[in-house]
Amino acid sequence: MLYSFFVEPQGGGAQVDLRTDKIWHNGRFIPWDQAQIHVLSHVIHYGSAIFEGLRCYRTERGPAVFRLRDHLVRLLKSCHIYRMDPPHGLEELHDAMLELVRINQLQDSYLRPLVLRGFGSMGINPLKCPIETYLIAWRWGTYFGTEGLEEGIDAQVSSWNRLAPNTIPALAKGTGQYLNSQLIRMEATLNGYDEGIALSTDGTISEASGMNLFLVAGNTVYTPPPSASILLGVTRESAFTLLHDLGIPVVEQRLAREMLYTADEVFLTGTAAEITPVRSVDRIQVGSGTRGPITRQLQEEYFALTSGKRENDHGWLDYVYEGKV
Ligand code: PMP
């Protein structure tokens, strides 16, 4: 059987093989085929899981995981919001993640920690359901393809809003809320766009289906604040730091939809999308209609760090074999 998914749409439909040797489950590595759950598991019916997505990059010093600790901190905070703290601490998860890359002999790859409510009871109340932790990985490359990273993607403003405040906590990365992301993404794809940009319930810009949004106006970079129903992206925070290093001011504020059309540049940030320029929104050209100078500068800084070509001065790379060879 072929276990795969399509990277869409600009990735050219390349197939990714999701199979590896081992998956970590509740403290030990199990064969990939045995990482299965029962159909009555709480998570399947009520979306009760927390997850993370992070990348491991090939570098000259061997594979290195990008911002591992920050992603694990977000995982544990998300779990805490939903009263599902796993029995594994940060250090144990950190070491297990590095071992996951080693045991599966991975280089460029995507890592997926997952904490879920398992088989226990079928009521909505999850408190009687066991908490299961999985650490999963697969080989992976770029999300929008090289063309997307260089020339930009075409986006639409979604007819779906992001989650209203005080409904589902947007700052927690819970699987259930990705029903909203799926609606945004499906609509964009079926309408012929690469990505959808969702507004908050107050009509200001929130984020894309799985990425944070930035826009450039003059020499300043703007991005919506946490209260705009966004996930606090680790890449978003990396962009803040790198733009600060470049001396480019970043302002967090509510942003009107029409600023997307008048901006000099728009770009998306996320573990999957990395730093991806947006060249049009609703078929209206953004800026020069291709990657702008600030987006390019930011990409250069970001990729210099993720590839290990620039000194790891922010401590963002965990070299997987460091101290092991
Ligand atoms: N928003 C949403 C809804 C996401 O799913 C993601 C991807 N995790 C992001 C933003 C970007 O977050 P990060 O930079 O941590 O990958």
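Rules of the game
Residues numbered from 1 in each chain as written. Predicted model: local features only at pLDDT ≥ 70, side-chain atom pairs only at ≥ 80, totals over all residues. Heavy atoms only, no water. Helix = DSSP H or I, 4+ residues; strand = E, 2+ residues; numbered from the N terminus. Rg over C-alpha atoms; globule rule 2.2 N^0.38 Å. Buried < 20%, exposed > 50% of the residue type's maximum accessible area, 1.4 Å probe, protein only. Areas by Shrake-Rupley, 256 points an atom, 1.4 Å probe, with all protein chains shown as cover. Lys, Arg positive; Asp, Glu negative; His and termini not counted. Charge placed at Lys NZ, Arg CZ, Asp CG, Glu CD. Salt bridge = Lys/Arg side-chain N within 4 Å of Asp/Glu carboxyl O. Pairing = 2+ DSSP bridges. Phe/Tyr/Trp six-rings, centres within 6.5 Å; stacked < 30°, edge-to-face > 60°. Lys NZ or Arg CZ within 6 Å of the ring centre and 35° of its normal. Near = heavy atom within 4 Å. Polar contact = N/O pair within 3.5 Å; in protein donor to acceptor, adjacent residues only side chain to side chain. Nonpolar A, V, L, I, M, F, W, Y, C, P; charged D, E, K, R; others polar. Domains from an automatic or database assignment. Buried area = accessible area lost by both parts, 1.4 Å probe.

### Here's the deal with the overall build of the protein chain
Along the backbone of the protein chain there are 8 helices and 19 strands. At 19 Å, the protein chain has a C-alpha radius of gyration in line with the 20 Å of a compact globule built from 325 residues. Here the C-alpha coordinates of the protein chain stretch approximately 50 × 50 × 35 Å along the principal axes. Relative to its 325 residues, the protein chain shows a buried fraction of 52%. With an accessible surface of roughly 14500 Å², the protein chain has 53% of that area assigned to carbon and sulfur atoms. Treating the 29 positive side-chain charges of the protein chain as one cloud and the 37 negative ones as another, the clouds have centres 5 Å apart.

### Observations concerning the pattern of salt bridges
The final tally for this structure, using the stated rule, is 16 salt bridges. Here Arg74 makes a salt bridge to Glu52, at a shortest N to O gap of 2.7 Å. Linking Arg74 in helix α2 (residues 68–81) with Glu52 in the loop between β5 (49–51) and β6 (54–57), this pair joins segments that are 22 residues apart in sequence. You can call Arg74 buried: its relative accessible area is 12%. On the basis of relative accessibility, which here comes to 0%, the residue Glu52 falls in the buried class. The salt bridge partner of Arg102 is Glu99, with a shortest N-O separation of 3.0 Å. Of the two residues, Arg102 and Glu99 both sit in helix α3 (residues 90–103), 3 residues apart, roughly one turn of that helix.

### Regarding the pairing of strand β17 (residues 274–281)
For β17, the buried fraction is high: 7 of the 8 residues fall into the buried class. The sheet contact formed by strand β10 (residues 153–157) and β17 spans 3 bridges and is parallel. Among the inter-strand pairings, Ala155 is bridged to a residue of β17, identified as Val281. Inspection of the sheet shows strand β16 (residues 265–270) paired to β17 by 5 bridges, in the antiparallel sense. Looking at the pairing, Thr269 lines up with Ile275 of β17. Summarising the sheet, β17 and strand β18 (residues 284–285) pair through 2 bridges and their orientation is antiparallel. In the strand pairing of β18, Ser280 is matched with Gln285.

### Focus: the pairing of β16
For β16, the tally of buried residues reaches 6 of 6 residues, placing the bulk of the element in the interior. Residues Glu265, Phe267 and Thr269 of β16 are buried on one face, and the alternating residues Val266, Leu268 and Gly270, pointing to the opposite face, are buried as well.

### Quick word on the packing of aromatic side chains
Following the criterion strictly, the structure yields 9 aromatic pairs and no others. Judged by centre distance (5.0 Å) and plane angle (5°), the rings of Phe214 and Phe267 are stacked. Separated by 53 residues along the polypeptide, Phe214 in strand β13 (residues 212–217) and Phe267 in strand β16 bring together distant segments of the chain. Neither Phe214 nor Phe267 differs from the other in exposure class; each is buried. On the numbers, 5.8 Å between centres and 70° between planes, the contact of Tyr302 with Phe303 is edge-to-face. Exposure remark for Phe303: the relative accessible area of 25% places this residue in the partly exposed category. Three or more aromatic residues joined by ring pairs form one cluster here, namely Tyr57, Phe66, Tyr302, Phe303 and Trp316. Here the guanidinium or amino end of Arg61 rests over the ring plane of Tyr319, the centre of that ring lying 3.9 Å away.

### Considering the site of the ligand
Taken together, 16 residues lie around the ligand, and Tyr178, Glu207, Val234, Thr235 and Thr271 are the ones closest in. The separation between an oxygen atom of the ligand and a polar side-chain atom of Thr235 is 2.5 Å. The side chain of Thr271 places a nitrogen or oxygen atom 2.6 Å from an oxygen atom of the ligand. By residue class, the composition of the shell around the ligand is 4 nonpolar, 9 polar and 3 charged.

### Digging into the domain arrangement of the protein chain
Its domain assignment divides the protein chain into domain 1 (6–138) and domain 2 (145–306). Centre-to-centre, using C-alpha coordinates, domain 1 lies 25 Å away from domain 2. Taking both sides of the interface into account, the surface hidden between domain 1 and domain 2 amounts to around 2200 Å²; carbon and sulfur atoms contribute 54%. Here domain 1 and domain 2 share 2 salt bridges between them. Of the charged contacts, one joins Glu274 and Arg55 as a salt bridge, the two residues approaching to 3.7 Å between their closest N and O atoms. Counting every contact that joins domain 1 to domain 2 gives 12 residue pairs in polar contact (both at pLDDT 80 or more). Counting residues per element, the ones that place at least two in the side of domain 1 that touches domain 2 are β5, β6, α2 and β8 (109–117). It is α2 that provides the largest number of residues to the side of domain 1 that touches domain 2, a total of 5 residues. Taken together, the residues of the side of domain 1 that touches domain 2 break down into 11 nonpolar, 8 polar and 6 charged.

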